[in-house]
Amino acid sequence: MVAKHLFGLILALFVTVSIGATDPVELNPAHPSEYTVKKGDTLWDISEMFLKNPWRWPDIWNVNPQIANPHLIYPGDVLSLTYGADGKPRLGLKRGRETVKLSPRLRESAIDQAIPTIPITSIKPFLTRPMVLTQSELDGAAYVVAVDGEHVLAASGDQIYVRKVNDKSSRDWVIMRKGEIFRNPDAKKDDILGYEMVYIANATPARYGDPATFVLRQSKRETNTGDKAFPNDIEQLDTHFTPHLPAQQLEGVILNVFEGVANIGRYDVVAINLGKKDGLESGHVLQVYQAGKTIPDSVTEDRKDKVTLPDESAGIIMVFRTFERVSYALVMRANRFIHTLDKVRTPG
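Overview of the structure. (Residues numbered from 1 in each chain as written. Predicted model: local features only at pLDDT ≥ 70, side-chain atom pairs only at ≥ 80, totals over all residues. Heavy atoms only, no water.)

### A closer look at the pattern of salt bridges
Next, step 1: This model, assessed by the stated rule, comprises 12 salt bridges.
Next, step 2: For D45, the salt bridge identified is with R266, shortest N-O distance 2.9 Å. Of this pair, D45 sits in helix α1 (residues 43-50) while R266 sits in the loop between β14 (251-257) and β15 (269-272), and the two are 221 residues apart along the sequence.
Next, step 3: Of the residues examined, D45 reaches a relative accessible area of 22% and is grouped as partly exposed.
Next, step 4: Linking E48 and R333 is a salt bridge whose minimum nitrogen-to-oxygen distance equals 3.5 Å. Of this pair, E48 sits in helix α1 while R333 sits in strand β20 (residues 327-334), and the two are 285 residues apart along the sequence.
Next, step 5: Given a relative accessible area of 24%, R333 falls into the partly exposed group.
Next, step 6: One continuous salt-bridge network, built from bridges that share partners, spans D45, E48, R266 and R333. (Salt bridge = Lys/Arg side-chain N within 4 Å of Asp/Glu carboxyl O. Helix = DSSP H or I, 4+ residues; strand = E, 2+ residues; numbered from the N terminus. Buried < 20%, exposed > 50% of the residue type's maximum accessible area, 1.4 Å probe, protein only.)

### Quick look at the side chain of T213
Next, step 1: Among the secondary structure elements, T213 is positioned in strand β12 (residues 212-217).
Next, step 2: Excluding residues that lie within four positions of it along the chain, T213 makes contacts with Q159, I160, Y161, T204, P205, A206 and R207. (Contact = heavy atoms within 4.5 Å.)

### Some details on the nonpolar core
Next, step 1: Counting 33 residues, the largest nonpolar core has I118, I123, F182, F320 and Y328 as its most contacted members.
Next, step 2: When contributions to this core are tallied by element, the ones reaching two or more residues are β7 (132-133), β10 (173-183), β11 (192-207), β14, β15, β19 (312-322) and β20.
Next, step 3: Among the elements that line this core, the one with the most residues is β11, at four residues.
Next, step 4: Setting aside anything within four residues of it in sequence, one finds I123 in contact with I118, F241, V269, F320 and L330.
Next, step 5: Within the second largest apolar cluster, 17 residues are counted, among which are V270, L274, V331 and V344. (Core = buried A, V, L, I, M, F, W, Y, C linked by side-chain atoms within 4.5 Å.)

### A closer look at the pairing of β15
Next, step 1: Covered by surrounding structure in β15 are V269 and A271 together with V270 and I272, the residues of both alternating faces.
Next, step 2: One ladder, built from three bridges, connects β14 with β15; its direction is antiparallel. When the bridges of β15 are listed, I254 appears paired with I272.
Next, step 3: The sheet contact formed by β15 and β20 spans four bridges and is antiparallel. Paired with V270 across the bridge in β20 is A329. (Pairing = 2+ DSSP bridges.)

### Observations regarding the packing of aromatic side chains
Next, step 1: Enumeration over the complete set of coordinates arrives at five aromatic pairs.
Next, step 2: Pairing F323 with Y328 gives two aromatic rings, centres 5.9 Å apart and planes at 90°, and the pair type is edge-to-face. Here F323 and Y328 have matching classes, each one buried.
Next, step 3: Ring pairing ties together the aromatic residues F126, F320, F323 and Y328, which thus form one cluster.
Next, step 4: Just above the ring of Y195 sits the side chain of K178; from NZ or CZ to the centre is 4.8 Å. (Phe/Tyr/Trp six-rings, centres within 6.5 Å; stacked < 30°, edge-to-face > 60°. Lys NZ or Arg CZ within 6 Å of the ring centre and 35° of its normal.)

Given below as structure tokens:
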């Protein structure tokens, strides 16, 4: 959806400021003095060129509250690193022959022309459909009660009958099925965090009633009795995230990785056992730690003596979608292989 809004320009993105009282922004030692933004760039990649910790680039925007949404930049923009009279680095922005000064200035632009914060292609399947639901949300959802004709399963072009259709405004529905059960690995008893939903098909309502009649289209799998139905436009998510640290110290674990790869790397999508209930929100940056192994101490005389090695930093993830007790995050940096059950914490 393209909508025109007034957006601020990037104004001195990387001024050295503090998260706390004494935590200055650090530059990447190999930073360029100037960079021209190209199509296909992401704000995270550009930030990584200039900063040791890329999520620090919004800090200066927080002291410019008059700017509505200043993290939108466009292909062709030129970022130049300079130093102020105080010796601190600043990153200015030029468009064409005009240099943007350190004062608010607005322009009207289509949001889809700006470069994204992170690669949207990596997270697109997770943005438009309900992915993790609680038991109460499942219980309240519309459901397939029968398939038209003598079919047991239905595919594209077939009719299905759906009950509990309360939303009659949407013409585009998605059929989903309960998939993996997310359980809290830290809980002593079986603590279900939510149910990951599997996409089945899209459907269009043909006739309302109890039950309502739907026509299936774009089927990925065959629809069965008991599958759930949701309006496909229940949520429009902003894809221009602002990376920032959680206000509180959080600690969780990686529950799984999309498509089930064994070794998780950059731009893989992971699920973690933290969500809205924990204060997590889109844009939050977390550090991944590989749990230290417990090994026998072969040096001491006590053969039963063991020692647990310290946890080691394995990478950085950024949360892009949250649910009640589960969230999806994209791996932005992986300095070693990341695995399920690795720990995630607020950096620092």
